[in-house]
Structures are given as structure tokens and as C-alpha cells.
Amino acid sequence: AEMSSWIWSSWCRSLRPGLRSGPSRGMSGSGRGTMNVFNREMKRKQKSWAASLPDSHQYDYLRDEVRAADDLSPLTFSLDSVERLFMTDVSRQNPAHRPTEIQTHRVLADEEFLPFRENTFDLVLSSLTLHWTNDLPGALRQIHQVLKPDGVFVGAMVGAETLFELRCSLQLAEMEREGGFSPHVSPYTTVTDLGNLLGQAGFSMLTVDIDEVQVYYPGIMEVMTDLQGMAESSCAWNRKSLLHRDSILAAAAVYQEMYGSNTGTVPASFHILYMIGWKPHESQAKPAKRGSATVSFGDLSKINQPSNKDPS
């Protein structure tokens, strides 16, 4: 399977010197005062463990679905012009990427600390990794910086309503069995917030879309097992490391009762946010100046109305 975060370029300058190490617990190093929600070291270990599984390819179906749904039709580049491909990941134990004739370089890098100089790449692709960053605004700003003017960023990340069935089932079960609940599903970004963050990062000509992928499983244990195989288990600092057996059994019953299908399977919903943003350039189309319109919105309703004038 391809690496989870891709960076394509016609050429690359030398790595940016003086890279900082990862942030300590409590604050994120990529933005002042940014709360550290996710344990990035744990996410690295989860990815390494998932990549070491002998049947790791069996858990790629969600990423394969996201890749199949990618729509690059607005882009006007040709793969024939791509000279080098840079594939980055936070884990050293990465699955082998698919064969390509393009010269490929693997770079061990954190999404929150991109080790590249400004104005380096023509295209940056990111697939299902940005939802684990502590400083999403800072990560988007860094992507904007490493792009050349008129360069484009294409990304896909998990959205806010992902795994709502699992979240609700676990919370209701723990409330009933333990008198309270702990978060087991990580918080995700909404589609409206994502559009605002892309604009604040400096991107123009934005396209943001959302798609729902629903996968059916025999039960809640299969859902959680596959999330581990995907390296998509929660790595939030406030997560509860262990689930009581009684709570798991209760959650399985709640899951089946509330969301189960007639065939006995249960769904898991993945809301995928797709985004395209361009780094501004003088050649790009610009909005017309305010007040330059020559047609009133009030006249739009009259377009399809028949004329009362005598055709003769």
C-alpha cells in the first residue's frame, strides 16, 4: 500500500536545517499554546505495529476506498512531468509502496514538522493522517509554505461523525456498567472548520467535500480489531487504556440493538473529508471587485419569464 502521506515534486531542495524534535505532553511544538490532544509517540508505535502484521494488507480497504474516490480532475498536471516522488511517514516500518517508474525517496517525518524548505513542491498529497495532528492549523500552514506558488494541496482526512455508532455504544455501556464513561473514539474535525482552516492557512480556490463510507462487520470486536490493524485506534492522552469485560459485552449488545442490520451485522461509518487548495499566484483567476456587477440579483428571477413584447 502507498504511504499514508505523499509529497510529489518536480524537484526538491535540501532538507531544512535545525529540525526540532517532537513536542512534549501538554503543548504542541508547531504552534504556540496549542494543546497536545494526541500522543504522537503512541501513534507512531501503532503504525509500526500495524505495518509489521503479516496480513497488514487486509486492513487497507478503507484507504483503498479513499484512493478510489480521489478526484484530481481539477488538476492540470501530467504524471509524465513528475521527476521525483517523496513519501513521508512518522513510522520507520512502512509498508512497501506500489511500484512506480518515478524516482521515489522515503523520508521519516512528522506531519507537524515537515523537513522541507519553502517553495519546494508542485503538489502535496495527504491521505488519512492529518486527523491525528495536534496542531492542524500549523500543519496546513507548513504544507502551504513548502508548496511553490500555484502549487496545489490535495488531502483526505477523517471527519467529525466518524464511528459515531462505536462511540455511542461504548458510552452507553460504560454509563450503565460503571456509572461514567471515558473517551474511546478520538475527536475529529468538521467540514465547516476545515474550510476555515484552509483559508486561514493561505490557500485559495478551495474545494471541500464530504463522503460517507459505511462498512459492515460481524460485531463490535471485529470493528475494534480492524481499527487496530489500520493503525486508527485512539491515541488521545485522556483515553482509557483498558475496557472492562462487562462493558465490552454490554457495548456489543447496545451496538447490535441500536444499529444492527437484519442480517446480524453492524455498521461502522467513516466520514471522509476531501480538500483541494491552491497556493496563490498572480496567474490565478481573481474575484471581481466589489460593486463591479452589471446585473442585479433581482433580475435573475425574470430570465425564464416570457416576454410581453409583440414579436412583430
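Residues numbered from 1 in each chain as written. Predicted model: local features only at pLDDT ≥ 70, side-chain atom pairs only at ≥ 80, totals over all residues. Heavy atoms only, no water.

Trainee: Quick one: what's the story with a negative patch on the surface, residue by residue and with numbers?
Mentor: Judged by side-chain charge, Glu65, Asp209, Asp211 and Glu212 come together as a negatively charged surface patch. Examining the composition of the negative patch, we find that three residues originate from one element, strand 6 (residues 204-217), more than from any other. Checked against the element boundaries, Asp209 lands in strand 6. By relative accessible area, which is 46% here, Asp209 ends up partly exposed. (Patch = residues over 30% accessible without salt bridge, like charges linked within 9 Å, V, L, I, M, F, W, Y side chains within 5 Å. Areas by Shrake-Rupley, 256 points an atom, 1.4 Å probe, with all protein chains shown as cover. Salt bridge = Lys/Arg side-chain N within 4 Å of Asp/Glu carboxyl O. Lys, Arg positive; Asp, Glu negative; His and termini not counted. Charge placed at Lys NZ, Arg CZ, Asp CG, Glu CD. Helix = DSSP H or I, 4+ residues; strand = E, 2+ residues; numbered from the N terminus. Buried < 20%, exposed > 50% of the residue type's maximum accessible area, 1.4 Å probe, protein only.)

Trainee: Tell me about the environment of Ala231, and please be specific about residues and values.
Mentor: Along the chain, the position of Ala231 falls in the loop between helix 6 (220-229) and helix 7 (245-259). Ala231 sits 188 residues away from Lys43 along the chain, and the two C-alpha atoms are 7.5 Å apart. In this view, Ala231 contacts Lys43, Gln46, Lys47, Ala50 and Trp132; residues no more than four positions away in its chain are not counted. (Contact = heavy atoms within 4.5 Å.)

Trainee: Could you give an account of the pairing of strand 2 (residues 84-89), with specific residues and numbers?
Mentor: In terms of residue burial, strand 2 counts as a mostly covered element, since five of its six residues are buried. Where strand 2 lies against strand 3 (residues 103-108), six bridges are found, and the strand directions are parallel. Bridge pairing in strand 3 links Phe86 to His105. (Pairing = 2+ DSSP bridges.)

Distances and angles like these do not, on their own, reveal function.
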